[in-house]
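Architecture and fold: a report
Next come the chains, spelled out residue by residue.
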Number of protein chains: 4
Amino acid sequence: MPLSADQLSEIEAQRAQSAPTRRATAEGMEAHLYTAYPVLDHGFVRVIDYMGDDLAITQAARVSYGKGTKSVTNDAGLIRYLMRHWHSTPFEMCEIKLHVKLPVFVARQWIRHRTANVNEYSARYSILDREFYIPAEDHLNAQSVVNNQGRGALLEGEEAARVLEILKADSNRCYDNYESMISDEGQSGLARELARMNLPANIYTQWYWKVDLHNLFHFLRLRADPHAQYEIRVYAEEICKIVADWVPHAYSAFEDYRMGGAQLSAKALDCVKRMIKGEIVTQESSGMSKGEWREFEGIIGLMST
Amino acid sequence: MPLSADQLSEIEAQRAQSAPTRRATAEGMEAHLYTAYPVLDHGFVRVIDYMGDDLAITQAARVSYGKGTKSVTNDAGLIRYLMRHWHSTPFEMCEIKLHVKLPVFVARQWIRHRTANVNEYSARYSILDREFYIPAEDHLNAQSVVNNQGRGALLEGEEAARVLEILKADSNRCYDNYESMISDEGQSGLARELARMNLPANIYTQWYWKVDLHNLFHFLRLRADPHAQYEIRVYAEEICKIVADWVPHAYSAFEDYRMGGAQLSAKALDCVKRMIKGEIVTQESSGMSKGEWREFEGIIGLMST
Amino acid sequence: MPLSADQLSEIEAQRAQSAPTRRATAEGMEAHLYTAYPVLDHGFVRVIDYMGDDLAITQAARVSYGKGTKSVTNDAGLIRYLMRHWHSTPFEMCEIKLHVKLPVFVARQWIRHRTANVNEYSARYSILDREFYIPAEDHLNAQSVVNNQGRGALLEGEEAARVLEILKADSNRCYDNYESMISDEGQSGLARELARMNLPANIYTQWYWKVDLHNLFHFLRLRADPHAQYEIRVYAEEICKIVADWVPHAYSAFEDYRMGGAQLSAKALDCVKRMIKGEIVTQESSGMSKGEWREFEGIIGLMST
Amino acid sequence: MPLSADQLSEIEAQRAQSAPTRRATAEGMEAHLYTAYPVLDHGFVRVIDYMGDDLAITQAARVSYGKGTKSVTNDAGLIRYLMRHWHSTPFEMCEIKLHVKLPVFVARQWIRHRTANVNEYSARYSILDREFYIPAEDHLNAQSVVNNQGRGALLEGEEAARVLEILKADSNRCYDNYESMISDEGQSGLARELARMNLPANIYTQWYWKVDLHNLFHFLRLRADPHAQYEIRVYAEEICKIVADWVPHAYSAFEDYRMGGAQLSAKALDCVKRMIKGEIVTQESSGMSKGEWREFEGIIGLMST
């Protein structure tokens, strides 16, 4: 992530500013503000602004539940209670604004999370930079042979080299042609809104993305999950670290109840009850399909024998 | 709005807190933070938190439009341009969190604005206070005789007095009975979630309401409009004053393009063109219905003759 | 639910209409269309329109996942797979429009589900009918002594009678006064938008409510849950019956994975694994708080000893 | 738009199906159902399903406004009234589901409209077809010299030929390399989720897109506007034709009040009033900036002299 001199000095200027505020302030977050954390080969995530902290969550909950919430002994306990019982609105009272630089094919997945605000760099107005995501060799995998959407083993030497060569060459050639088409030297110059169509999906774009904590947790649950595509997962993991410093109690509850937990179906719950009583349950006696049973074994931590 | 001693000391404590922050800070808004501005007889609006300022709007726009936006000479001009051309996403980059105390029938209108976050006081968990909205005499109007949803002239002496007497007596009787039903002295005590059904719609509730600036402007356009019901309009007007201090350039553009502007139909636009050329246009020659023409006259400032 | 003659003849007229369509048609749903199913003492739910059926869900999924989805042998299996893996968008491709008559305090809970479209009867324009929810004796409970928001035992004879008497008398008195305030006989007549504030929260309102199947399932999971307030739960249960006939495969998957299932935290999952291996786990050795452990026992079906 | 034999026979099968329904049925829409209307060189729009018709809009409005709405003499008049006064909820009661095939760079603009449901073809699961948008010569424009985001004059002969040659060659080379990277003949074969990053933004994707009529009108107002990029505008225009047959009264009101109308600022409104009175208003005396005045002249139809 080679930041330009302009960008670095902008970040420095932003980090140097300080003003007194009466607002709720999260010290853990102040330390992160504006710093660009590198992701992938040219991407980054940085916090531009935030609203609220752990106390803002319980403060909002206490408006709703009034004196009832005072029986919960402390804020951490109340936050755990709210998370466990799917009370989403108190978490919506915190908000974060991120500046993200990311490949277009990652942006296309990301934008599917609709409850957020976005300002993306416009290739109708402006010219994109020559920056493309080229996977590192340890993230260059074959198509999975068991999962239609997954990755299998790493590509080996010669095949990996060939793929990297292709990705680099096509990116550069497409960008050269993009530049030559929009150039107005000795020609009219193609409209930017048309020329951009020649750029492949590994080119980097950037945006401001603003979202509340409840919807951010939903995003993180899906995108920091091991089944998420690696290239979006690394962004989610970087954001997880930031959120852990911003709202430590809420993040800890999120880890316990969402990331580390599991949803059991009625059938799976019935099997668990029988197994706790000592019964040997098999796929055949479980009522589940083979696929469900395999996933159930993964959750419960059994090896099939 | 008699705030309790507890509330006043909470506000004092909140206003006394101050911490350095690297975030964008709006001085005009800092002055308002936590102060409860009275609305109606027992209601209030106060700012709990905010994110962003005028510069946050143009900063987001410049991410989108890149160097293109630099041709606009200054931030105020860029904000006007964005508002004029319905670029909504930069305004979504600012956020405000309000604490509002309001009658239930006002809350029922307010909540129809769906793109916002809400934590309302829960009458399932907690006991509502004995506070009811009783209109002042100069806002006690008759049903409009020309508009199905409007108000007409003020009620006069005896009728006004009778209405106020009814509202006060029914509020108090309903609340007395609410209290007596939930009391557990000498009886079991009705569940709160049931007892609340006896309370009329002028009882006060309260909530935290968080919304982005774009959606707040939409709310204000509809609710600060002269056609809005008085009891919600006074909240909108109070919020307008706060927003004017928070994001003065954006608010000024909002006033010019939204509040003070008007939407003309294709037919109305055609009439305007003809009228500017000196033609005398009447309802008959306008192509508009009588209702539309009447509204058109109101916009253009003509009196029919 | 005494429907008026007008309403009954409108329903008859709607049910009598029939036209050929090329659209996906769900026979189970056609049988329900327009019929008003009674809920509570004066409420009802009826289907006004719908879009899609079980096949519409898999059809949309196959657009997304292409040939990959063909390996799943049949539509029921694919729907189960989508539900299990939280693929929400295919379920959003079905839509339902309901006409619901419900008490105002139920409407206030219901409207908190924001991702839906609503047209509610307006008491600014029109006059509300004299119809109030008065609980049946077998749903007149005391406040729970263990749960701040719950109901405890049924109220007994004399107390129950007193409560019912209060609810009826206050409803009628408030409505009498509402009528007398808006009357224009011998007086101006108070504006409807003001007079409505005298009506208690058990008065009935009505609305059209349109929602997609994914968001409807979310609503049903929360509101058909045993912890939901009885007065909204009966609406959710009535809707469940309709949905079961509309999209039987999707509803069956919803029952298995959502209604009948359970979310386990990381800690709970760890306990389950240890218990399956034969370990005796207690609250003390579980890492959970007392409240969590009690809920965990409820899920796993253990009695503490 | 060469539809495959499979697609054509699927469309035939869909169009051949017919079943009686009690639902509201729009004859004008039934005629369109499933037919794929060509857009650009390989794209199309086709209606998969719809809910409601013009009457469904007024039916919902009458639920809200009760007897008040009966004073409006007919449904067309009521629809015009609702549109003029920004009553959005009755229009939300109609819904449409489209199947769209479109270039990725168009899809990226389209998806910014967040209040809609989408199932897109997944290039993680499935292999994209070799279909790229190559502009026709009469839509191959230079960058505008006056507008940062617009198009200027058509490119001339040699430059146009060179651009087309580049777009075709790069598309094909990138696709060849995509195919060769994912091939599992004699190699492992790169994961699809990675290989797709080599594909340029003019490749076609497809999706199901479901939206309510209010939000569709918002989309059409922005995207059927002359300032919208040509490649998305042609989709919007095709959808306009369909909507005009589906809900003719609503579409006619939309044309008059939204597409053909204009928003005047407070300053512009003031100028109009002065001009109607015969005053000569210039940019200098208007209070507007040069940019605003130029746009104002465009709306009012004046030529500056």
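Rules used in this analysis
- Residues numbered from 1 in each chain as written.
- Chains lettered and ligands numbered in written order.
- Predicted model: local features only at pLDDT ≥ 70, side-chain atom pairs only at ≥ 80, totals over all residues.
- Heavy atoms only, no water.
- Buried < 20%, exposed > 50% of the residue type's maximum accessible area, 1.4 Å probe, protein only.
- Helix = DSSP H or I, 4+ residues; strand = E, 2+ residues; numbered from the N terminus.
- Pairing = 2+ DSSP bridges.
- Contact = heavy atoms within 4.5 Å.
- Polar contact = N/O pair within 3.5 Å; in protein donor to acceptor, adjacent residues only side chain to side chain.
- Buried area = accessible area lost by both parts, 1.4 Å probe.
- Nonpolar A, V, L, I, M, F, W, Y, C, P; charged D, E, K, R; others polar.
- UniProt positions renumbered as here; feature names shortened; annotations may be inferred.
- Axes fitted to C-alpha atoms, helices over the stretch in contact; angles between N-to-C directions.
- Least-squares fit on C-alpha atoms with pLDDT ≥ 70 in both.

What to know about the pairing of strand S3 (residues 43-51) of chain D
All names here are of chain D.
- Of all the nine residues making up S3, nine are buried; the element is thus mostly covered by neighbouring parts of the structure.
- Bridge count for strand S2 (residues 37-39) against S3 is three bridges, and the pairing is antiparallel. Among the inter-strand pairings, Pro38 is bridged to a residue of S3, identified as Phe44.
- Hairpin connection of S2 to S3: three residues between the antiparallel strands, including Leu40 at a positive phi of 55°.

Focus on the environment of Tyr133 of chain D
- Examined against the element boundaries, Tyr133 of chain D turns out to sit in the loop between strand S5 (117-120) and strand S6 (141-143).
- For the pair Tyr133 of chain D and Val104 of chain D, spaced 29 residues apart in sequence, the C-alpha to C-alpha distance is 9.3 Å.
- Once you skip the residues sitting within four places of it in the chain, Tyr133 of chain D turns out to touch Met197 of chain A together with Leu40, Asp41, Pro103, Phe105, Asn202, Tyr204, Tyr230 and Glu231 of chain D.
- A distance of 2.7 Å separates the side chain of Tyr133 of chain D from the side chain of Glu231 of chain D, its partner in a polar contact.

Focus on the interface of chain A and chain C
- Contact residues are listed per partner, giving 34 residues for chain A and 34 residues for chain C.
- Carbon and sulfur atoms supply 50% of the area that chain A and chain C bury against each other, a total of about 3,200 Å² over both sides.
- Across the chain A-chain C interface, the total number found is 18 residue pairs in polar contact (both at pLDDT 80 or more).
- For the side of chain A that touches chain C, the secondary structure elements donating two or more residues are helix H4 (75-84), helix H10 (248-259), strand S9 (262-264), helix H11 (266-276) and helix H13 (290-300) of chain A.
- Tallying contributions element by element places H11 of chain A first for the side of chain A that touches chain C, with seven residues.
- Residues belonging to the side of chain A that touches chain C are distributed by class as follows: 11 nonpolar, 11 polar and 12 charged.
- Pairing of S9 of chain A with strand S9 (residues 262-264) of chain C, which is carried by three bridges, proceeds in the antiparallel orientation. For Ala262 of chain A, the partnering residue across the bridge sits in S9 of chain C and is Leu264 of chain C.

A short note on the UniProt feature "active site" (unreviewed entry) in chain A
Residue and element names in this part refer to chain A.
- Following the UniProt record, the feature "active site" (unreviewed entry) maps to Arg223 here.
- The exposure class assigned to Arg223 is buried, which follows from its relative accessible area of 15%.
- Discounting chain neighbours no more than four positions away, the residues touching Arg223 are Gln109, His113, Ala228, Ile232, Arg233 and Ala236.

A look at the sheet that holds strand S5 (residues 117-120) of chain C
Residue and element names in this part refer to chain C.
- An order of S2-S3-S4-S8-S5 is seen for the five strands of this open sheet, with the pairing classed as antiparallel. Only two strands of the sheet have a single neighbouring strand rather than two, namely strand S2 (37-39) and S5. The mean angle between the axes of side-by-side strands here comes to 25°, regardless of whether they run parallel or antiparallel.
- Of the strands in this sheet, strand S4 (95-103) and strand S8 (204-212) are in contact with helix H8 (residues 213-223), which crosses S8 at around 130°.

As for the relation of the copies chain A and chain D
- Rotating chain A by 180° about the axis while translating it 0.0 Å along that axis superimposes it on chain D, leaving an RMSD of 0.0 Å. Both copies are brought into coincidence by an operation consistent with a two-fold rotation axis. Using C-alpha coordinates, one finds that chain A approaches the rotation axis most closely at Pro200 of chain A, a distance of 1.9 Å.
- Comparing interface residues between copies, 100% of those in chain A also lie at the interface in chain D; the contact surface is shared.

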